[in-house]
Amino acid sequence: MGGGTMARATINGLEIEYRIYGEGAPVLFVHGGFGGPNSSLLPSPNAITRDIPQGFQLITFDRRCAGESDYTLEWFDLADVASDAHELMRHLGFEQSIVVGSSMGGMVALQYIHLFSHSVTALGLMNTGADLMSRTNWGRRLAHQVSRHKNEGDEGVFAEYRERLRNPAQTPLPQDTSSEVQKQMEAARNAYMNALAITSDEDLCRYHAGMIRNASAFLGHDFTTTLENIAVPALIVHGDADDVVPYEYGEQLATGIAESKFVTIPNARHGILSYAEAREALSDWLLSL
């Protein structure tokens, strides 16, 4: 879809970076992750931008404390993140849209439809679940970090983690990773390390604190019992080899949402939209609406 039109808007008092791709029915995409240095030092396009079909207008944005949007050291909630997305769409003149969320962005999308149900015509949930924090090991670890930041302050915790942030561990790649993907991953890591090297401790502390604010926003949220209130068409896509958000989380969403279609991508891990089969499933579903 090309590079898209990039712009900024003041939303809920923060400068939010967004891009628009194509023309037609609006599709709002909410990215995953928790923001922080990984997203802001080396911003990269979302995989969803590769295959949105003709007749749709894709709107992507960097959530607060992520990418190129503003960082805030105020503590905020998931409702604030969903409100940012809703107010951005209103700023752009859209009263209704299709909403697609990936991973942690899926929980933002669930909060969005619960708060602004009149604004959502269809819902896409990519490798996500109704509660990603209380039941995963990484969610519990982040909850502990949030508690430390609130009790000890950002700078004290940052001082302890500074060297780890400056020299992040290299995640081992699965054995079946192709040599081409390995080269791409190595190039991305080198670019990230170069960006990290010229980032001040003050900025790195701020990025890290923003990531913790994002993690805090998701704590205590479980949409399992309210999935039955979703009354629009929903697409759920999950890989059966996902070791970050377990496959059964997607199955639970499909069970809870009456008007849902569940698509399994065989042997797919997390980051489902990097798989062409997942993007094809999303495109086919959009065209069927």
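Just so it is clear, the model here is predicted, and its values are computed rather than measured.

Rules used throughout
Residues numbered from 1 in each chain as written. Predicted model: local features only at pLDDT ≥ 70, side-chain atom pairs only at ≥ 80, totals over all residues. Heavy atoms only, no water. Helix = DSSP H or I, 4+ residues; strand = E, 2+ residues; numbered from the N terminus. Rg over C-alpha atoms; globule rule 2.2 N^0.38 Å. Buried < 20%, exposed > 50% of the residue type's maximum accessible area, 1.4 Å probe, protein only. Contact = heavy atoms within 4.5 Å. Areas by Shrake-Rupley, 256 points an atom, 1.4 Å probe, with all protein chains shown as cover. Lys, Arg positive; Asp, Glu negative; His and termini not counted. Charge placed at Lys NZ, Arg CZ, Asp CG, Glu CD. Polar contact = N/O pair within 3.5 Å; in protein donor to acceptor, adjacent residues only side chain to side chain. 1 Å grid on protein atoms, 1.4 Å probe; cavity = no way out; pocket = protein on both sides within 12 Å on 5 of 7 lines; lining within 4 Å. Points joined across faces, edges and corners; volume = space filled by probe spheres on them. Nonpolar A, V, L, I, M, F, W, Y, C, P; charged D, E, K, R; others polar. Salt bridge = Lys/Arg side-chain N within 4 Å of Asp/Glu carboxyl O.

1. Observations concerning the overall build of the protein chain
Okay, step 1: For the protein chain, the count of helices and strands is nine helices and eight strands.
Okay, step 2: For 289 residues, the compact-globule formula gives about 19 Å, and the C-alpha radius of gyration of the protein chain, at 18 Å, lands near that figure.
Okay, step 3: Dimensions of the protein chain, computed from C-alpha atoms along their principal axes, come out at roughly 50 × 45 × 40 Å.
Okay, step 4: Going through the 289 residues of the protein chain one by one, you find that 50% of them count as buried.
Okay, step 5: Of the contacts formed within the protein chain by residues at least 6 apart in sequence, a portion of 78% connects residues at least 24 apart.
Okay, step 6: Here the protein chain has roughly 13,400 Å² of accessible surface; of this, 48% comes from carbon and sulfur atoms.
Okay, step 7: Looking at the protein chain, you have 21 positive and 36 negative side-chain charges, and the mean spots of the two groups are 5 Å apart.

2. Details of the side chain of Gln57
Okay, step 1: You can see Gln57 is positioned in strand β4 (residues 55-61).
Okay, step 2: Classification of Gln57 by relative accessible area gives buried; the value is 15%.
Okay, step 3: Within polar-contact distance, the side chain of Gln57 engages the backbone oxygen of Gly24 at 3.4 Å.
Okay, step 4: Contact partners of Gln57, with chain neighbours within four places excluded, come to Ile20, Tyr21, Gly22, Glu23, Gly24, Ala25, Pro26, Val27 and Phe94.

3. Structural notes on empty space enclosed by the protein
Okay, step 1: Counted by the stated rule, this structure contains one cavity of 30 Å³ or more.
Okay, step 2: Of the pockets and cavities examined, the largest cavity occupies roughly 40 Å³.
Okay, step 3: A breakdown of the residues in the lining of the largest cavity according to their chemical character gives four nonpolar, three polar and two charged.

4. Looking at unusual backbone geometry
Trans peptide bonds make up the majority, and among non-glycine residues the majority have a negative phi.
Okay, step 1: Phi angles above zero are rare outside glycine, and Ser103 is one such case at about 55 degrees.
Okay, step 2: With respect to the element layout, Ser103 can be found in the loop between β5 (97-102) and α3 (104-115).
Okay, step 3: Judged by its relative accessible area of 10%, Ser103 falls in the buried class.
Okay, step 4: The phi dihedral of Asn127 falls on the positive side, at around 35 degrees, and the residue is not glycine.
Okay, step 5: Counting through the fold element by element, Asn127 comes out in the loop between β6 (120-126) and α4 (137-152).
Okay, step 6: For Asn127, a relative accessible area of 0% corresponds to the buried category.

5. A closer look at the pattern of salt bridges
Okay, step 1: Applying the stated criterion across every chain yields a total of 13 salt bridges.
Okay, step 2: Notably, a salt bridge pairs Arg148 with Glu160, separated by 2.6 Å at the nearest N-O pair. In this pair, Arg148 sits in helix α4 while Glu160 sits in helix α5 (residues 154-166), placing the two residues 12 residues apart along the sequence.
Okay, step 3: Exposure remark for Glu160: the relative accessible area of 49% places this residue in the partly exposed category.
Okay, step 4: Between Arg162 and Glu163 there is a salt bridge, with its nearest N and O atoms 2.3 Å apart.
Okay, step 5: Ionic contacts of the salt-bridge type, sharing partners, join the residues Arg8, Glu15, Glu17 and Asp70 into one network.

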